[in-house]
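# Breakdown of the fold
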Amino acid sequence: MCGFAGELAPRRAADVDAVERMAATMSARGPDGSGRWSRDGVALAHRRLTIIDLSHRADQPMTDSALGLTIAFNGCIYNYRELRRELEHDGYRFFSTSDTEVILKAYAKWGRDCVRHFAGMFAFALYEHASRRLLLVRDRLGIKPLYLAQTADSLRFGSTLPGLLAGGGIDTELDPVALHHYLSWHSVVPAPRTILKGVQKLAPATSMLVEPDGRQSVETYWRADFTRQPRYSGWSASDWADAVLEALRTAVQRRMVADVPVGVLLSGGLDSSLIVALLEGSGQERLATFSIGFDDVGEREGNEFRYSDVIAQEFDTDHHKIPVATARMLPALDGAIAAMSEPMVSHDAVAFYLLSQHVAQSYKVVQSGQGADEVFAGYSWYPPLQGAPGTGADAYQAAFFDRPDSEMAETLTDDYLLADDPSRAFLDRQFGAAGADDPVDRALRLDTEVMLVDDPVKRVDNMTMAWGLEARTPFLDHDLVELAAACPPELKLASGGKGVLKDAARRVLPAIVIDRPKGYFPVPALSTLEGDTLQLVRETMCSQTARSRGLFRPDHVDRLLRDPNRHQTTLEGSKLWQLALLELWLERHGI
């Protein structure tokens, strides 16, 4: 896990200084080393977190002179050892034991299709010396980020949006369509857009080949099939549970590949508990587990230690409980916002930020349970879609959207209002696409490909990498996702959601963890606006900076401030916090 930046300038020398400024902002992502490489119109810079092949032979950017290739890479190829053996059999010779070098050799053998051979999380820029072509790639589920900025005479790219800003020359005007998405989907802005007009992001499962003259060809190389497949016909519920458990077992074992120890973030919920159980069952002894908890606020409980304790004792883990006092929350908010490549409203961003700070003191790699709810239908908005009329888009909007388009006119100033409803149009395109025949399947596909990528996955990447901690997410193993996509939706909706996963879990977990009420990362000090948090929000929204920026109607802001906890989104998030977080993010990043 690392961070990289680069520029391709077809008609001039690359701006190496700008690329180095971009990479310098990513020092937290890669605290163990740095490097740069430039040639004619291309420059690459890299910050390294040493996890596989700890020697300098694996430093980046990495060049294979014999093949005429240079790469900057962020992520991990979990099956790199198997691929290396195959490539060695074909005559390729290696100078390191890194997964980075395996990508170079794989590209030499398979070209652009090399990504289809990778099991992992990855984003990389690979340059061909002879042809002067550049390949940019992002993994299937978008676990690793890749941002793009097209300037007048170059293409810049990097692991973070603030990194691109540091290079200079970026249009920082807000994109009204992206703002509409942000206010509709609790801060999610689907690729290729970001909240800024001048920055885009490469979509998941996408490769972009850039020719020497700047022409670009974009290819989607993977998409899960959410229809019922003949090979699974006749499977019973038990068959599905068995298959899910075995696929998850493979996924967690894949994610132990490292030359440093690997721990687990243990919330005490079903998903992270399953990771622990399967690792212990595969022979991992005294696995390091980490749980975070916060002060209770009134009737709101701030931790789930009683559940994580059960798992730690059941599987004899080396367990670390991390209590965080309320007084630490607000000061940590600024650091969390600084670490956000894009504004994210979820309160648990601060929780992950503080958890990662602690874990990174002793570990570089952890496994985490993100993605299970989107992959196995664990959220409240899926049951209303069962049997919904039409495509199911109306039911999804009613259950998931933060606010209707009609409310935008009272929220946004005239400069940012749109004549149409781009968020509903996006939903209709997604639900109308082939490859999912049932409303629940359509919702799960949208959430897996879009909402998951630009909410919990991005949040975990940004908050863990703020401290040089690599988070690996076995529930986003592409083989497991493909299996879950093929599973009948009624099996996933059973037992109050994630039914097939719960059935699988009964083979390895105590019932108290499986049958407990669904929990969320509790952050009581931020989930209700009061005290110092409310004061910060008030000062932010009433500041001259916010008023001059002119995003939100002053009368609407005043109405929200008069009763800050009354006005909630469909999923019970604070509408006021949503506005304030965007203002705080813009201010923190100098926009």
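Structure: see above.
Only a predicted model underlies this, so the values are computations on that prediction, with no experimental measurement involved. (Residues numbered from 1 in each chain as written. Predicted model: local features only at pLDDT ≥ 70, side-chain atom pairs only at ≥ 80, totals over all residues. Heavy atoms only, no water.)

For the structure on display, the rule yields 16 aromatic pairs. Centroid distance W235 to W240: 4.8 Å. Interplanar angle 65°. Geometry classified as edge-to-face. One aromatic cluster in this structure is built from Y379, W381, Y382, Y396, F400 and F431. Stacked on the ring of F94, the Lys or Arg K105 has its end atom at 5.1 Å from the ring centre. (Phe/Tyr/Trp six-rings, centres within 6.5 Å; stacked < 30°, edge-to-face > 60°. Lys NZ or Arg CZ within 6 Å of the ring centre and 35° of its normal.)

Turning next to the side chain of T194. Take T194: it is sitting in the loop between α5 (176-184) and β10 (200-201). A relative accessible area of 0% places T194 in the buried class. Within polar-contact distance, the side chain of T194 engages the backbone oxygen of V199 at 2.8 Å. Those residues in contact with T194 that sit more than four places away from it in its chain are Y147, L161, D175, A178, V189, V199, Q200, K201 and E342. (Helix = DSSP H or I, 4+ residues; strand = E, 2+ residues; numbered from the N terminus. Buried < 20%, exposed > 50% of the residue type's maximum accessible area, 1.4 Å probe, protein only. Polar contact = N/O pair within 3.5 Å; in protein donor to acceptor, adjacent residues only side chain to side chain. Contact = heavy atoms within 4.5 Å.)

Moving on, we get to the packing of α5 against helix α14 (residues 422-432). Relative orientation of the contacting elements α5 and α14 amounts to 80°, with a least axis distance of 8 Å. One element, α5, and the other, α14, form an angle in the roughly perpendicular class. Of α14, the residues touching α5 (which contributes V177, H180, H181 and S184) are P422, S423 and F426. Broken down by class, the residue content of the contact of α5 with α14 amounts to three nonpolar, four polar and no charged. (Axes fitted to C-alpha atoms, helices over the stretch in contact; angles between N-to-C directions. Parallel < 35°, antiparallel > 145°, perpendicular 65-115°, else oblique. Nonpolar A, V, L, I, M, F, W, Y, C, P; charged D, E, K, R; others polar.)

On to the pairing of strand β6 (residues 120-128). Where burial is concerned, most of β6 is hidden: nine out of the nine residues are buried. Side chains G120, F122, F124, L126 and E128 project from β6 onto one buried face, and the interleaved M121, A123, A125 and Y127 project onto a second face that is buried too. Bridge count between strand β5 (residues 69-77) and β6: nine bridges; the pairing is antiparallel. When the bridges of β6 are listed, I77 appears paired with G120. In the sheet, β6 pairs with strand β7 (residues 134-138) via five bridges, with the strands oriented antiparallel. Among the inter-strand pairings, A125 is bridged to a residue of β7, identified as L136. (Pairing = 2+ DSSP bridges.)

Before going further, it helps to spend a moment on the nonpolar core. The biggest cluster of nonpolar side chains holds 113 residues, and the ones touching the most others in it are F118, F124 and Y396. Per element, the largest residue contribution to this core is nine residues, and it comes from helix α6 (residues 237-254). In this structure, F118 is in contact with I77, N79, L83, I103, A106, F124, R140 and H478, ignoring residues within four places of it in sequence. Of all hydrophobic cores here, the second largest spans 78 residues; its members include A14, A332, L529 and L582. (Core = buried A, V, L, I, M, F, W, Y, C linked by side-chain atoms within 4.5 Å.)

Attention now moves to the pattern of salt bridges. Any two side chains of opposite charge can pair if their charged atoms end up close together. One pass over the structure, following the stated rule, counts 50 salt bridges. The partner of R84 in a salt bridge is E88, with the nearest N and O atoms 3.1 Å apart. Residue R84 and its partner E88 are both found in helix α2 (residues 80-89); the two are separated by four residues, about one turn of the helix. We classify R84 as buried; its relative accessible area is 18%. (Salt bridge = Lys/Arg side-chain N within 4 Å of Asp/Glu carboxyl O.)

Within a sheet, each strand pairs with its neighbour through backbone hydrogen bonds, oriented either parallel or antiparallel. The six strands are arranged β4-β5-β6-β7-β11-β12 in an open sheet whose pairing can be described as antiparallel. Each edge of the open sheet carries a strand with a single partner, namely β4 (62-64) and β12 (216-220). Shown here is a sheet whose adjacent strand axes are inclined to one another by a mean of 20°, direction ignored. Sheet topology places strand β11 (residues 206-210) next to β12; five bridges connect them, and they run antiparallel. Across the sheet, the residue bridging to V210 is Q216, located in β12.

Looking now at the sheet that holds strand β3 (residues 42-48). Pairing in this open sheet of six strands is antiparallel, and the strands run β2-β3-β1-β9-β8-β10 from one edge to the other. Edge strands, defined here as strands with exactly one partner in the open sheet, are β2 (33-39) and β10. Bridging between strand β8 (residues 147-150) and β10 involves two bridges; their strand directions are antiparallel. Within β10, the residue paired with L148 across the bridge is Q200.

This brings us to the packing of helix α9 (residues 329-339) against helix α10 (residues 348-359). Direction vectors running N to C along α9 and α10 enclose 90°, while the axes themselves pass 9 Å from each other. Taken as axis vectors, α9 and α10 run roughly perpendicular relative to one another. Between α9, through M329, A332, L333, G335, A336 and A339, and α10, the contact on the second element is made entirely by V350, Y353 and L354. Among the residues forming the contact of α9 with α10, the class breakdown is eight nonpolar, one polar and no charged.

Before going further, it helps to spend a moment on the environment of D295. Structurally, D295 can be placed in the loop between β14 (288-294) and α8 (305-314). We classify D295 as partly exposed; its relative accessible area is 36%. When the C-alpha positions of D295 and R306 are compared, they lie 14 Å apart, and in sequence the two are 11 residues distant. Here T326 takes part through its backbone nitrogen, which lies 2.9 Å from a polar atom of the side chain of D295.

So, on to unusual backbone geometry. A cis amide bond links Q60 to the next residue, P61, at an omega of -5°. With respect to the element layout, P61 can be found in the loop between β3 and β4. Even without being glycine, S187 reaches a positive phi, approximately 85°. Position of S187 relative to the elements: it lies in the loop between α5 and β10. Given the relative accessible area of 2%, S187 is considered buried. Positioned with a positive phi, A205 is a non-glycine residue whose angle comes to about 55°. Its relative accessible area of 2% is what places A205 among the buried residues.

Such coordinate-based values are descriptive only and should not be taken to indicate function.
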